[in-house]
Amino acid sequence: MEAPPVTMMPVTGGTINMMEYLLQGSVLDHSLESLIHRLRGLCDNMEPETFLDHEMVFLLKGQQASPFVLRARRSMDRTGAPWHLRYLGQPEMGDKNRHALVRNCVDIATSENLTDFLMEMGFRMDHEFVAKGHLFRKGIMKIVVYKIFRILVPGNTDSTEALSLSYLVELSVVAPAGQDMVSDDMRNFAEQLKPLVHLEKIDPKRLM
Amino acid sequence: MQREEKQLEASLDALLSQVADLKNSLGSFIYKLENEYDRLTWPSVLDSFALLSGQLNTLNKVLKHEKTPLFRNQVIIPLVLSPDRDEDLMVCITRADTVLEQKRQTEGRVPVFSHEVVPDHLRTKPDPEVEEQEKQLTTDAARIGADAAQKQIQSLNKMCSNLLEKISKEERESEGGGLRPNKQTFNPADTNALVAAVAFGKGLSNWRPSGSSGPGQPGQPGAGTVLAGASGLQQVQMAGAPSQQQPMLSGVQMAQAGQPGKMPSGIKTNIKSASMHPYQR
């Protein structure tokens, strides 16, 4: 296998140099209702949105030390919706002045034969899971509250099992690089969810 | 004169309708209290109170309206008193200079308009007992010197502010500290587990034998053991591990992992393979 077709460098130039600002937290099952109520009060006035997604994470091993990762996501409750291919760069913690985790991100809508395409390119599936939960928006901020389910039989999304007794809560903004001001808004919003949920910038490397 | 009279009529009508409304809501509230007390909820009681208070407010507004003449300037005197039962209850009322006849149904509450009931119904002062009590209080108040009164006012104020402080302190505590120790709404360990799961599939089913620890973390030894040690997640690993020997893994990958043979146990596989990570070069 040759070197991966896409480098680990952030995609620069053009309009696709987008960064995702991220804060994460969790809420126990029994407090989900309170959180949903609070979010409905805080967020844009819209119909409550739910989702049920199947995410597959693909790896491509090259000459570099670390493999290249792409995430493919499809909606299980909305037939006909496009698949979602996502590249996420290395998360940067930044200093105290930036209140959110930042990582490069590229989002693309694709057709449903995405997995075949990736396999042909040499990608191999690393892991998969089912995400089921609620989606809220406030301006450009996106708040997702969802439960992660393990898939017991590979490729069979019918037999799943909850990973934990909590819902994952993510507050994210996708913005052009350098717009660190958005993290201030995110911090303010996160403050309003305390003490129900503590949204923090969590370095995933710390959890290895 | 004609105009004043009309105004009086109009304001009386307005007053009557307000009082009728108030009476209706009082009646329905009493009915509710008497007949539905077993399934009455506090919010609905509060609703009734709010309705009554609103209607009393409107009544006050009608009374204070600038177009309403001063009713206290009007005099009402009974012209006919009779000990006999009066079916229609004809009440003749003289108001100041004009005589007005009104036929009023009292809904069976006042069958006779006699010497006995008139003082009650046309009373403009409080009951004699209440008047007596009020007089008592007034004399008591007059007896206390100005200094003593001032002192009492001060001590009352002090007590009130103390009480307020206590209440607000209690509120603050129950809001800040009281909520969390009693009822945990989130679990940091769960947060970490979930974040690790979405970030690099930790705890999720890894179909690949290499125990790949995800992007950018090459050759992280013992990812599996770390996981198994995390509280409450052992079963995650146990359930996930056996499926690692699913036919999903290709022979190439097996070779890369350096474990081509059959594994005795899923967990062991994971640990071993993690330490012999294919990305570790």
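Note that the coordinates shown come from a computational prediction; the quantities given were computed from them, not determined experimentally.

The next subject is the overall build of chain B. The helix and strand tally for chain B stands at eleven helices and three strands. Ordered by position in the sequence, the α and β elements of chain B form the string α-α-β-β-β-α-α-α-α-α-α-α-α-α. Partitioning the contacts of chain B with sequence separation of at least 6, the portion at a separation of at least 24 is 58%. Here chain B displays about 19500 Å² of accessible surface, and carbon together with sulfur accounts for 56% of that area.

All right, on to the packing of aromatic side chains then. Evaluated as defined, the whole model comprises four aromatic pairs over all chains. Taking the centre distance of 5.4 Å and the plane angle of 70 degrees together, the rings of B:Phe29 and B:Phe49 count as edge-to-face. Of this pair, B:Phe29 sits in helix 1 (residues 2-35) while B:Phe49 sits in helix 2 (residues 42-64); the two residues are 20 residues apart in sequence, bridging distant segments of the chain. According to the relative accessible area criterion, B:Phe29 is buried, its value standing at 9%. Its relative accessible area of 43% is what places B:Phe49 among the partly exposed residues. A network of ring pairs unites the aromatic residues A:Phe68, A:Tyr87 and A:Phe123 as a single cluster.

Residues and elements named next belong to chain A. Summarising burial for strand 9 (residues 166-176): nine of the eleven residues are buried, a large majority. Strand direction decides the pairing type here: strand 1 (residues 18-28) and strand 9, joined by eleven bridges, are antiparallel. When the sheet's bridge partners are listed, Ser26 is paired in strand 9 with Leu168. Sheet topology places strand 7 (residues 141-153) next to strand 9; five bridges connect them, and they run antiparallel. Bridged to Lys142 within strand 9 is Ser172.

We now examine unusual backbone geometry. Omega for the peptide link from A:Lys194 to A:Pro195 comes to 0 degrees, which places this bond in the cis form. With respect to the element layout, A:Pro195 can be found in the segment after helix 3 (182-193).

Cut-offs and rules
Residues numbered from 1 in each chain as written. Chains lettered and ligands numbered in written order. Predicted model: local features only at pLDDT ≥ 70, side-chain atom pairs only at ≥ 80, totals over all residues. Heavy atoms only, no water. Helix = DSSP H or I, 4+ residues; strand = E, 2+ residues; numbered from the N terminus. Contact = heavy atoms within 4.5 Å. Areas by Shrake-Rupley, 256 points an atom, 1.4 Å probe, with all protein chains shown as cover. Phe/Tyr/Trp six-rings, centres within 6.5 Å; stacked < 30°, edge-to-face > 60°. Buried < 20%, exposed > 50% of the residue type's maximum accessible area, 1.4 Å probe, protein only. Pairing = 2+ DSSP bridges.

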